[in-house]
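# Results of the structural survey
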Amino acid sequence: MQDRDYGIGQLRGPVAVRGWERSTEDDQSQPAAHSLDRVSENVSPLSSSSPAADNVPMSAITMDFDPYVLTAEDYSVRHASTVPQVVVVKRKPVPTERPLPNLPEERRSLEEITNEKVLDSNGRRVSGKSSRWRSVLINLIFVLISIPFFALAIRFSTLDGKPTWDRRDWETFQNLMKVAGTFFPIAFALLVGRAAMKAAAYLLEHGVALGTLEQLIGSRTMSSAMGTQFHLRSYNVLGAGLVTLWILSPIGSQGALRLLYPASVSRTDPAITEYFSTDTQSMFSSGNLIMSNAVQASMFKSMFTAALIAPVNIKLSHMDLWTNVRIPYLSSLQAVEGDTWAIISPNDTFAYSSLAGIPVTGLQDGNTNFSVESSYMELHCENITSSQLLDLLPFDRDIDANSTPYSMENGTYHGTNANTTLPTSNSTTATWSIGLDMFVSSKFNSSLSTNSSLKTCHSGNTGFLASPCYLRNISESQAFQGTLFFQSLPVPPAETVEPPLAILAHAAKCPIQQVYVQSKISCTQQPNTPKDCRVTAQRHSQISHAPNYITPLSFPEIFDAISLYLPRTFGAAQSGTRSDPSIFYINNPEPGSIIPGTGAADLLQTPAQALSYRLGQIINTYYTLSQAYPLIAEGSPAHITENITALATNTIIEERYHVSWAWFTFLFLATLVMFLSSLLAGFLDYKLENPEILGYASSIMRNSPFVELDGQEGKVGGAKLTRMNKGLRLRIGKIGQGDHVRIAVLREEDARRRKVDRESGVYV
């Protein structure tokens, strides 16, 4: 074949020119068939299906040159044509391309262009209109993929601050976030990776640097995006942008998982709470309303008994058996003076003033904090000694009960002796007794009758007589401290009982006073659960009160009833074989000591402080129950007749949904990137004019001079080409001779036909 000069547009090299396919000199000047030319199947010496393949020696396809790419300088230099010496074989005529229609001078109509039959990316012939709508539908589907993530983020953002309603929908929300977190990186890789490939294909059609093309093609996942920049050493703006873009994939996934969570929040509002006033007079002062009714007396004594023999954890609890809040002894807390608050923590050890608490009502759901004014009697007993039984003086009743119900001489102990029987039972005596030596003067009783409205204990309440609050305007000099005398009798066998005056008793003198305190109370109330209240701080009351020396026992009608009925509550008679359970309580307040106790309780080993607190608890409990045992039994009464209104703050702690706005921003941003990527991919797909070949393994067939493609295969996209040749087996290896050895891809069957240099592994 003679050397020829080719125009720049005609240069097709470098390929092996098959001499056996040239029958004439003009025919020999035709470019060699390659991936974009149609070649008859019966002429290729590399195909096992060719009839002439067996008659063509392997040397006929051996190239003595290295394939190369012509540059602009090569276009101006004359090169000698070098072809392998092969056997000339006549080939069949190659069909020419479909000729373009002869169009008239005027333009074709839009309808003609639209309806013209074209090849789609897979090589199928479809109309232009069908291909366009099919592409639009596919791109629309890709656009819609990101919409559920937008919907999830926006829907959950509306739940911020909404109640969880006991988390009834929380499990569904968790499942939605888990599903979204699982599918987000898949959707992100699909949409962003597709956009990167479309951008690479578009740039390739308009000219692009190989490094840029490789960066785009290699950035289809987060790991590949980072690895591509490293392997290519492409540390540029594009590489940084691609890596940053792909970092949004795991961040968006975490945003979907951490978007919503339940948390407790608090809201504080003003509130009003009612609590029972300890200034209320005892029912013993109003004609003995308790003991005059056998049923009421039985319930009253049952409540006192239950409080005294309750388990230790109840006695140490901040609430009584009926969920009323208990008030501590201020003296058992840390020493405070003036208006200083003594802070009480749940783990502090202290003593309560009574086994019965103060009823509280009007609590709202949540945590309610308020302060109450209350009072209790406190004893300061001396050490217990063994002394002769003291005979207490009885109360003398006047004929005129409206003026001076009782008269007595202060300085002597008045009360009910242990050997005195109850008016309703001639056989009930007691094993212990109490007496008092100081009472309210008759001049105060004569000026304050039961129906008096001249003085009130607190606003809105009138008519109390036997209550210290009526005497709050008198001076301290007008009142004197009383002393409570306590004595417990031993329980000898019945035959050795001697006259009372000859019996030795365990006795102690206990100065008594009324203590007024202000207590901060915190109550927690939840739906369908009992309230939980406790005192959190306490101090001396800051308002005006009666002198501390005046106590409820200072009123003769009150002390007369208590000294009579209290020691006889359990029915332990003087002629019995054991001390009263109250005495066992003073000795040891545990139920295991009170209930099975036998014989006489030895109080000589009881410390004076323990006697003061425990005897004070017994008296305060009995007196508090005598004030309002029906209300105390209710626990949370709907209304308290003798009440004090307290301003409170109600803090509602409820569980609400919270949106993590930081993770919401990341999720929304990553989803927006997905959405914009799908729009970009759709736009570029519309602009592309060539089939998609980037990223497909079939591209190595197009670029190999040793793998023949017919004309139709050379025009289809990468996916279609792979489907058409998915059974074709390929092999990569070194091929050539001498210094012209290159790596190439060829058919596996052709590779087997070649000789392999064992030392270099080169196909020759």
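You'll find the structure just up there.
Here's a quick rundown of the structure. All values derive from a computational prediction rather than experimental measurement. (Residues numbered from 1 in each chain as written. Predicted model: local features only at pLDDT ≥ 70, side-chain atom pairs only at ≥ 80, totals over all residues. Heavy atoms only, no water.)

### Remarks on the pattern of salt bridges
Throughout the structure, instances matching the rule amount to nine salt bridges. For Glu655, the salt bridge is made with Arg167, and the minimal N-O distance between the two is 2.7 Å. Of this pair, Glu655 sits in strand S15 (residues 643–659) while Arg167 sits in the loop between helix H5 (147–157) and helix H6 (170–206), placing them 488 residues apart in sequence. Judged by its relative accessible area of 39%, Arg167 is partly exposed. Taken together, the shared-partner salt bridges in this structure form one network comprising Arg267, Asp269, Glu654 and Arg656. (Salt bridge = Lys/Arg side-chain N within 4 Å of Asp/Glu carboxyl O. Helix = DSSP H or I, 4+ residues; strand = E, 2+ residues; numbered from the N terminus. Buried < 20%, exposed > 50% of the residue type's maximum accessible area, 1.4 Å probe, protein only.)

### Some words on the state of the cysteines
Going through the model one piece at a time under the given rule, you end up with two disulfides. Here Cys381 engages in a disulfide with Cys510; their sulfurs sit 2.0 Å apart. Handedness here is read from the sign of the S-S torsion; for Cys381 and Cys510, about 105 degrees, the answer is right-handed. Of the two residues, Cys381 sits in the loop between strand S6 (366–379) and strand S7 (385–388) while Cys510 sits in strand S13 (residues 504–525), which places them 129 residues apart along the sequence. (Disulfide = S-S within 2.5 Å.)

### Examining helix H9 (residues 237–257)
It helps to recall that an α-helix has 3.6 residues per turn; residues three or four apart then point in one direction. The terminal C-alpha atoms of H9, which comprises 21 residues, lie 31 Å apart, in line with the 30 Å expected from a rise of 1.5 Å per residue. If you check which residues of H9 are buried, you get Gly239, Leu242, Val243, Trp246, Leu248, Ser249, Gly252, Ser253, Gly255 and Ala256. Structurally, H9 contributes buried residues whose contacts are with H6, helix H7 (210–217), helix H8 (222–232) and helix H17 (661–687). (Expected span 1.5 Å × (residues − 1). Contact = heavy atoms within 4.5 Å.)

### Considerations on the pairing of strand S17 (residues 742–747)
Pairing of strand S16 (residues 730–735) with S17 involves six bridges; the strand directions are antiparallel. Paired with Gly733 across the strands is Ala744, a residue of S17. Here S16 hands over to S17 after six residues, with Gly736 in that stretch at a positive phi of 130 degrees. (Pairing = 2+ DSSP bridges.)

### Examining a nonpolar patch on the surface
A grouping of Ile154, Phe668, Leu669, Leu672, Leu676 and Leu679 is seen on the molecular surface, where their side chains present a nonpolar patch of about 480 Å² in accessible area. Broken down by element, the residue count for the nonpolar patch peaks at five residues, all from H17. (Patch = residues over 30% accessible without salt bridge, like charges linked within 9 Å, V, L, I, M, F, W, Y side chains within 5 Å. Areas by Shrake-Rupley, 256 points an atom, 1.4 Å probe, with all protein chains shown as cover.)

### Regarding unusual backbone geometry
Across the chain, the bulk of peptide bonds are trans and the bulk of non-glycine residues have phi less than zero. Although it is not a glycine, Asp166 sits at a positive phi angle of roughly 60 degrees. Position of Asp166 among the secondary structure elements: in the loop between H5 and H6. Residue Asp166 is classed as exposed on the basis of its relative accessible area, which comes to 76%. Backbone geometry at Thr323 places phi at a positive 65 degrees, although glycine is not the residue there. With respect to the helices and strands, the residue Thr323 is situated in the loop between helix H11 (312–315) and strand S4 (342–343). The class of Thr323 is partly exposed, set by a relative accessible area of 23%.

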